[in-house]
Amino acid sequence: MSRVVHYLNQFFAGFGGENAASTPPGVKPGAVGPGKKLQELLGTDHEIVATVYCGDDLAAANLESIATILELIAQQRPDIVLAGPASTSGRYGVACARVAVGAERAGVAALASMHPENPGLEDAGTAPVIASGASVREMGASLERLALAARKRLAGESLTEADGRIGAIPRKNVLVERNAASRAVDLLLVRLRGQDVPAEVPLPRFDHVTPAPPVADPRTAVIALVTESGLVPMGNPDRLESARATKWLRYTIEGKAMAPAGEYASVHGGYSTVWANQDPNRLLPLDVARELEHEGAIGRLHGEYFVTTGNGTTVPNARRFGVEWAAELRRAGITAAILTAT
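Thresholds applied
Residues numbered from 1 in each chain as written. Predicted model: local features only at pLDDT ≥ 70, side-chain atom pairs only at ≥ 80, totals over all residues. Heavy atoms only, no water. Pairing = 2+ DSSP bridges. Helix = DSSP H or I, 4+ residues; strand = E, 2+ residues; numbered from the N terminus. Contact = heavy atoms within 4.5 Å. Axes fitted to C-alpha atoms, helices over the stretch in contact; angles between N-to-C directions. Buried < 20%, exposed > 50% of the residue type's maximum accessible area, 1.4 Å probe, protein only. Disulfide = S-S within 2.5 Å. Parallel < 35°, antiparallel > 145°, perpendicular 65-115°, else oblique. Left-handed = near helix turned anticlockwise from the far one by under 90°.

**So, the sheet that holds strand S1 (residues 2-9)**
Then comes step 1: Pairing in this open sheet of seven strands is mixed, and the strands run S2-S3-S1-S4-S5-S6-S7 from one edge to the other. Since the sheet does not close on itself, it has two edges, and those belong to strand S2 (26-29) and strand S7 (165-166), each with one partner.
Then comes step 2: The pairing of strand S4 (residues 80-83) with strand S5 (residues 109-114) spans four bridges and is parallel. By the bridge assignment, Ile 80 is partnered in S5 with Ala 109.
Then comes step 3: The strands touched by helix H1 (residues 34-42) within the sheet are S1, strand S3 (46-54) and S4, with S3 carrying the most contacts at an inclination of about 155 degrees.

**Some thoughts on the pairing of S3**
Then comes step 1: Buried residues dominate S3, accounting for eight of its nine residues.
Then comes step 2: Note: S1 against S3, eight bridges, orientation parallel. Of the residues in S3, the one forming a bridge with His 6 is Thr 51.
Then comes step 3: Strand direction decides the pairing type here: S2 and S3, joined by four bridges, are antiparallel. Residue Pro 29 lies in a different strand from S3, and its bridge partner there is Ala 50.

**Topic: the state of the cysteines**
In protein chemistry, a disulfide is the covalent bond that joins the sulfur atoms of two cysteines.
Then comes step 1: With the rule as written, the count across this model stands at zero disulfides.
Then comes step 2: Free cysteine Cys 54: the closest other cysteine sulfur is in Cys 96, separated by 11 Å.
Then comes step 3: Among the residues examined, Cys 54 registers a relative accessible area of 0% and is labelled buried.
Then comes step 4: A relative accessible area of 0% means that Cys 96 is categorised as buried.

**Some details on the packing of helix H4 (residues 90-105) against helix H9 (residues 315-331)**
Then comes step 1: In the contact formed by H4 and H9, the axes pass within 10 Å of each other and the chain directions differ by 125 degrees. In terms of their interaxial angle, H4 and H9 are classed as oblique. The two elements H4 and H9 meet at a crossing, and its hand is left-handed. Residues Arg 91, Val 94 and Arg 98 of H4 touch H9, and the partners they reach there are Arg 320, Val 323, Glu 324, Ala 327 and Arg 330.

Distances and angles like these do not, on their own, reveal function.
Shown next, in the form of structure tokens:
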């Protein structure tokens with residue numbers, strides 16, 4: 001009998017919604033929540049021996065939480081790890097993707113399940129991801145697709161688009177009778193006839209983000225400053241990269257009325273930082289934000305600012321930064337953020 005470990009977020013594990021988004025990693029025996037239906041669909045040859053869970057905020061913003069999740073999974077000695085379905089929930093999708101990647105790297109078969117528009121899809125890399133519905137209303141069909149894919153994976157079969165696989169699929173070189181030029185002409189002719197036929201090489205996906213509604217009353221709002229300008233304390237103590245950033249950092253601004261020259265400098269390698277370093281408030285508008293705070297125009301300024309370098313950053317890393325920033329700001333009770341770009 002195959003041993004299955006199922007990963008769920010705090011909501012589906014039964015701890016609650018956003019009020020429980022900081023739930024630490026843990027484990028429950030057997031199938032939980034949607035896992036009970038998943039167990040039924042997997043059949044008697046495969047048993048969900050444990051459900052590992054974590055709150056979305058921690059799982060999306062804290063890589064240490066993912067490491068803990070993977071340790072809990074490893075303790076169960078699974079033959080396969082199933083994560084989700086996450087539908088279109090961004091933080092949950094990111095967590096499922098990271099769990100699947102971590103399990104695969106450890107030599108354990110894994111499947112994540114999420115909607116094709118979930119921002120976590122890019123984080124999965126070439127780890128197998130199965131398409132789910134867009135919302136919990138489609139949970140039944142999503143679980144059926146995941147269970148079928150899991151049975152095929154456990155049987156040693158490859159998963160294709162026909163099985164609902166989405167995201168990056170490893171390519172294999174094969175010999176074909178007709179060369180690329182002939183196939184390209186065929187594709188053009190088909191499209192000229194009005195048929196929507198996909199190209200052989202998938203085009204990149206770009207997210208469409210729905211803006212948040214306006215702040216109802218700035219006078220009661222908690223405002224955070226975030227920036228991709230590369231502005232760090234003098235000397236760059238935490239070694240933020242000047243290009244192709246792989247991380248973001250946070251620094252306190254408690255008790256500071258402004259960002260003085262000589263205390264901060266930009267390490268951004270994509271623009272001349274001379275004027276910015278002469279007055280770091282041009283990148284981090286701390287002076288004006290304090291004025292608004294003292295005037296009562298905004299309720300309160302958050303005590304930290306977040307920073308990364310927006311210079312050649314990969315789309316997956318940029319998406320990850322955004323998800324992690326959002327999770328951290330939500331946990332801190334932030335109403336809105338001012339993002340300064342260069």
